[in-house]
Amino acid sequence: MSGAAGGPVPAAAPAPRQPRPPRPRASTALLLLATLAVGASLWAARGLLLPVLLAMFFALVGNPIIRVLQRLYVPRFVSALLVLALGIAGTIALGQQLVAPAGEWVRQAPREMRDLAPKLRHLVKPVQEANKAAENIARAAGGESSARPAPVVKTEVNDPYKTLTATPRLLASVLAVVLLTFFFMVYGQSLQRNALALLPDRQQKRLTVEILQSIEREISRYVLTISIINALVGLALAAALYWLGVAADEALLWGTMAALLNFAPYVGPLIGILIMLLMGFVAFDDPWRSLLPAAIYLGLHTLEGQLVTPIVLGARMALSPLVLILALMLFGWLWGIVGLLLAVPLLVCVKIVLAKIEGMEGWAKLLE
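Residues numbered from 1 in each chain as written. Predicted model: local features only at pLDDT ≥ 70, side-chain atom pairs only at ≥ 80, totals over all residues. Heavy atoms only, no water.

### Examining the overall build of the protein
Now for step 1: Helix and strand counts for the protein stand at 10 helices and zero strands.
Now for step 2: Looking at the protein alone, contacts between residues at least 24 apart form 69% of all its contacts between residues at least 6 apart.
Now for step 3: On the protein, roughly 25000 Å² of surface is accessible, and the fraction owed to carbon and sulfur atoms is 69%. (Helix = DSSP H or I, 4+ residues; strand = E, 2+ residues; numbered from the N terminus. Contact = heavy atoms within 4.5 Å. Areas by Shrake-Rupley, 256 points an atom, 1.4 Å probe, with all protein chains shown as cover.)

### As for helix α2 (residues 46–71)
Now for step 1: End to end, α2 covers 37 Å across 26 residues, agreeing with the expected 38 Å (1.5 Å per residue, within 8%).
Now for step 2: Gly62 marks where α2 bends most, by close to 35°; the proline Pro64 follows one to four residues later.
Now for step 3: Downstream of α2 by one or two residues, Tyr73 has phi in the positive range, about 65°. (Expected span 1.5 Å × (residues − 1). Bend = angle between axes of the 7 residues up to and from the residue.)

### Structural notes on the environment of Leu292
Now for step 1: Its location among the elements puts Leu292 in helix α8 (residues 292–313).
Now for step 2: Since its relative accessible area comes to 35%, Leu292 is described here as partly exposed.
Now for step 3: With 11 residues separating them in the primary sequence, Leu292 and Phe281 have C-alpha atoms 9.7 Å apart. (Buried < 20%, exposed > 50% of the residue type's maximum accessible area, 1.4 Å probe, protein only.)

### Brief notes about helix α9 (residues 321–356)
One full turn of an α-helix is made of 3.6 residues, so residues set three or four places apart face in the same direction.
Now for step 1: Look at α9: only 22 Å from first C-alpha to last across 36 residues, short of the 52 Å you get at 1.5 Å a residue.
Now for step 2: Where α9 bends most, at Trp335, the angle is about 145°.

### Considering the packing of helix α7 (residues 267–283) against α8
Now for step 1: Here α7 crosses α8 at 155°, and the two axes come no closer than 7 Å. In terms of axis orientation, α7 runs roughly antiparallel to α8. Handedness of the α7/α8 crossing: right-handed. Here Gly268, Pro269, Gly272, Ile273, Met276, Leu277, Met279 and Gly280 of α7 lie close against α8, whose contacting residues are Pro293, Ala294, Tyr297, Leu298 and His301.
Now for step 2: Residues that form the contact of α7 with α8 fall into these classes: nine nonpolar, four polar and no charged. (Axes fitted to C-alpha atoms, helices over the stretch in contact; angles between N-to-C directions. Parallel < 35°, antiparallel > 145°, perpendicular 65-115°, else oblique. Left-handed = near helix turned anticlockwise from the far one by under 90°. Nonpolar A, V, L, I, M, F, W, Y, C, P; charged D, E, K, R; others polar.)

### Some points on a nonpolar patch on the surface
Now for step 1: Nonpolar side chains collect at one region of the surface, where Phe77, Val78, Leu81, Leu175, Leu179, Phe183 and Tyr187 lie side by side and expose about 670 Å² of accessible area between them.
Now for step 2: Of all the secondary-structure elements, those providing two or more residues to the nonpolar patch are α3 (76–142) and α4 (160–196).
Now for step 3: Along the chain, Tyr187 turns up in helix α4.
Now for step 4: Classification of Tyr187 as partly exposed rests on a relative accessible area of 45%. (Patch = residues over 30% accessible without salt bridge, like charges linked within 9 Å, V, L, I, M, F, W, Y side chains within 5 Å. Salt bridge = Lys/Arg side-chain N within 4 Å of Asp/Glu carboxyl O.)

### Side note on the side chain of Ser290
Now for step 1: You can see Ser290 is positioned in the loop between α7 and α8.
Now for step 2: Judged by its relative accessible area of 0%, Ser290 is buried.
Now for step 3: Of note is the side chain of Ser290, whose polar atom sits 3.2 Å from the backbone oxygen of Gly280.
Now for step 4: If sequence neighbours within four positions are ignored, Ser290 has contacts with Leu277, Gly280, Phe281 and Phe284. (Polar contact = N/O pair within 3.5 Å; in protein donor to acceptor, adjacent residues only side chain to side chain.)

### Brief notes about the packing of α2 against α9
Now for step 1: Where α2 meets α9, the axes come as close as 11 Å, and the angle between the chain directions of the two elements is 35°. Crossing geometry of α2 relative to α9 is assigned as left-handed. Across the interface between the two elements, Arg46, Leu49, Leu50, Leu53, Leu54 and Phe57 of α2 pack against Leu334, Trp335, Val338, Leu341, Leu342 and Pro345 of α9.
Now for step 2: Within the contact of α2 with α9, the residues separate by chemical class into 11 nonpolar, no polar and one charged.

### So, unusual backbone geometry
A negative phi angle characterises most non-glycine residues, just as the trans form characterises most peptide bonds.
Now for step 1: Phi angles above zero are rare outside glycine, and Tyr73 is one such case at about 65°.
Now for step 2: Position of Tyr73 among the secondary structure elements: in the loop between α2 and α3.

### Focus on the packing of aromatic side chains
How two aromatic rings sit relative to each other is set out by the distance from centre to centre and by the angle between their planes.
Now for step 1: Scanning the model with the defined rule gives six aromatic pairs in all.
Now for step 2: Aromatic pair Phe57 and Phe263: ring centres 6.3 Å apart, planes at 75°, arrangement edge-to-face. Here Phe263 lies in the loop between α6 (248–261) and α7 and Phe57 lies in helix α2, a separation of 206 residues in the sequence. Phe263 matches Phe57 in its accessibility class, with the two residues each being buried.
Now for step 3: Relative to Phe182, the ring of Phe77 has its centre 5.3 Å away and its plane inclined at 80°; by these criteria the two rings are edge-to-face. Note that Phe77 is positioned in helix α3 and Phe182 in helix α4, a separation of 105 residues in sequence.
Now for step 4: Here Phe182 falls in the buried class, since its relative accessible area comes to 11%.
Now for step 5: Among the aromatic residues, ring-to-ring pairing joins Phe77, Phe182, Phe183 and Tyr187 into one connected group. (Phe/Tyr/Trp six-rings, centres within 6.5 Å; stacked < 30°, edge-to-face > 60°.)

This is how it looks when you write it as structure tokens:
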């Protein structure tokens, strides 16, 4: 078409692209209610979630080994089967070595605790004398009577039906963890690819692939490295106890306990030190020699926590001690001992995801 003067009519300029309206933010009360609902759901569904999370944890431990076997042209199915079979065989062999000393310790614990009282009285005698003197002074000053309250005796009734019904449930959970671990090892990558195919945006796919690869690589490296370090700590403690004169099978029992407790930072070693104190007073007659197992365990944990782990893992896996304690309290309250085991890997996952999402880097720094 032409204008009044016969010239061409200029094309209309494209309308400016309107910016997207900001997404409405939820109120603080709604966020609080959502958080409480998520926490209640995690607690209520722990019977379903814990086998899945444990299977993912064990699969992450085995994935680096599977990748090495794949470089040697071993099929992934065979590699996963081999890693799982070796893990189960090692667990059964270790369990057979630990059942006898653990049962003997449980049977002898009441008698040993009675023999422990004179040793403890010898060590705490000065403190008791000071406490008695302070109580006498306070009683004389306040005119309080020395009457003691009557003791309250509590009885507990053991329900055999509860034990009978809990055993099949435990076996089913163990079988579910084993099967899920195998399937995560074999089909985990295929599941990721199929899930990514559902995303419509290419940029979202690229970001999600980067996040999943980072989580899988970093968490696998972290879990395998921590497992090896904790196993070495347990072996070192077992060797030290054997050198002190503890029987080999019992030393292996305490070394395994130390390795498992070391998965829960701060909380686990604190429990381990208390157990080593009790074990030392039971195993040795000399009160001061009884402190050696706890001192050795404290030294090994300090060396591992302050030197070995920071050098091996570096600053990328650094987590704030306060955030770590809060996470251990939260997951321990939700899921018990398994929650203490999974708290650190889950916190590392959250940190990696926050570091990869644009605008959330500050929250990742908050966890350091």
